[in-house]
Amino acid sequence: MGRRFLHQLLLAALALCFAPVRPDDWLPATATFYGGADGSDTMGDACGYGNLYDQGYGINNAALSTALFNDGASCGQCYVIICDSSKSGWCRPGPGHWVAVSATNFCPPNWSYPDGGWCAPPKPHFDMSQPAWENIGIYTAGIIPVLYQRVKCWRDGGVRFTIGGFNYFELVLVTNVAGSGSIQSMAVKGTSTDWIPMSRNWGANWQCLAGLAGQGLSFALTSTGGQSIVFQDVVPAWWQFGQTFTTYKNFDY
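Residues numbered from 1 in each chain as written. Predicted model: local features only at pLDDT ≥ 70, side-chain atom pairs only at ≥ 80, totals over all residues. Heavy atoms only, no water.

Visitor: Any details on the pattern of salt bridges? Residues and values, ideally.
Guide: For the structure shown, the criterion picks out 1 salt bridge. Between lysine 123 and aspartate 115 there is a salt bridge whose closest N-O contact spans 2.9 Å. Overall, the relative accessible area of 24% leaves lysine 123 in the partly exposed class. Residue aspartate 115 is classed as partly exposed on the basis of its relative accessible area, which comes to 44%. (Salt bridge = Lys/Arg side-chain N within 4 Å of Asp/Glu carboxyl O. Buried < 20%, exposed > 50% of the residue type's maximum accessible area, 1.4 Å probe, protein only.)

Structure (structure tokens):
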């Protein structure tokens, strides 16, 4: 069987394995890797997740180029990626090689190159953890052409809220988001307040300027898929800055 036939067979198989995958909606991009053989250097990130194992994202992660990162709005989204064997001989040999990754970091342009490098706009590029990348590419290649689709995220457990900040500044990190994987809008309500809209500060961190210490907190989130969930009374009145609170609800889309 020829390389192109095996490539098309893989696309068809993935459409069966991942319900959101659409056979004709693959988009072209490129992919490199970083972070070492164990992926440990991918843990510091522009989304704010920190330890990706603790936050539910694991080693299959990627930094997105400017065009894909969308100023942090894409943090947590999930993608299925395959090496485009119709364009490269550096794909991992044999059929069936693909990887699903979560967006956890930003790959910035490198303006020491005239065109800004692989991560400069408008180029779609995935700088993946090395363990994730080696599912689809040969190590010595360094960079490969890929095809990708955004897909539904599957997470264990519910959405988590980590409360940072100080005094009248709350900075809430939202993690372990399933479904679309990312948040479009968010609001907070204290036991003594109305709903207060929050804004994205950076990555997956949302902020508000209010004195909420000593109050129980509820959060209202809308995913980028358009699903809205109210997490009622998920934070008790005795909360402290730096604490994380786990819920039992998560998104379907």
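From this point, things continue past the structure.
Visitor: Can you explain the pairing of strand E11 (residues 205–208)? Please cite residues and give values.
Guide: When strand E8 (residues 169–175) meets E11, the two strands line up antiparallel, connected through 4 bridges. Residue valine 172 lies in a different strand from E11, and its bridge partner there is tryptophan 206. With 3 bridges connecting them, strand E10 (residues 195–202) and E11 associate as antiparallel partners. By the bridge assignment for E11, arginine 200 is matched with tryptophan 206. Hairpin geometry of E10 and E11 is characterised by an intervening segment of 2 residues between the two adjacent antiparallel strands and by a positive phi of about 55° at glycine 203. (Pairing = 2+ DSSP bridges. Helix = DSSP H or I, 4+ residues; strand = E, 2+ residues; numbered from the N terminus.)

Visitor: Help me get a handle on the state of the cysteines, residues and values and all.
Guide: As enumerated under the stated definition, the model contains 4 disulfides in all. Note on cysteine connectivity: cysteine 83 is disulfide-linked to cysteine 91, with sulfurs 2.0 Å apart. The chirality of the disulfide connecting cysteine 83 with cysteine 91 is left-handed, given an S-S dihedral of about -75°. On the basis of relative accessible area, cysteine 83 is assigned to the buried category, the value being 6%. Linked covalently through their sulfurs, cysteine 107 and cysteine 119 form a disulfide whose S-S length is 1.9 Å. Because the sign of the S-S torsion sets the handedness, a value of about 80° for the bond joining cysteine 107 and cysteine 119 places this disulfide among the right-handed ones. Residue cysteine 107 is found in the loop between strand E4 (99–106) and strand E5 (125–129), and its partner cysteine 119 is found in the loop between E4 and E5; the two are separated by 12 residues along the sequence. Each member of the pair, cysteine 107 as well as cysteine 119, is classed as buried. Shown here for the protein is a disulfide pattern of 1-2, 3-8, 4-5, 6-7, where each number marks a bonded cysteine counted in sequence order. Not engaged in a disulfide, the cysteine cysteine 208 finds its nearest cysteine sulfur in cysteine 75; these two sulfurs lie 19 Å apart. Taking relative accessible area as the criterion, cysteine 208 reaches 4% and is therefore assigned buried. (Disulfide = S-S within 2.5 Å.)

Visitor: Describe the sheet that holds E10, with residues and values.
Guide: Strand order in the open sheet formed by 8 strands is E13-E12-E9-E10-E11-E8-E7-E14, and the pairing between neighbours is antiparallel. Since the sheet does not close on itself, it has two edges, and those belong to strand E13 (228–235) and strand E14 (244–246), each with one partner. Within the sheet, the average angular offset between the axes of one strand and its neighbour, ignoring direction, is 30°. Across 5 bridges, the pairing between strand E12 (residues 217–223) and E13 is antiparallel. Looking at the pairing, threonine 222 lines up with serine 228 of E13. (Axes fitted to C-alpha atoms, helices over the stretch in contact; angles between N-to-C directions.)

Visitor: Break down empty space enclosed by the protein for me, with residues and values.
Guide: What the rule picks out here adds up to 1 cavity of 30 Å³ or more. Looking at the largest cavity, its volume works out to about 70 Å³. Of the residues contributing to the lining of the largest cavity, the split by class is 9 nonpolar, 3 polar and 1 charged. (1 Å grid on protein atoms, 1.4 Å probe; cavity = no way out; pocket = protein on both sides within 12 Å on 5 of 7 lines; lining within 4 Å. Points joined across faces, edges and corners; volume = space filled by probe spheres on them. Nonpolar A, V, L, I, M, F, W, Y, C, P; charged D, E, K, R; others polar.)

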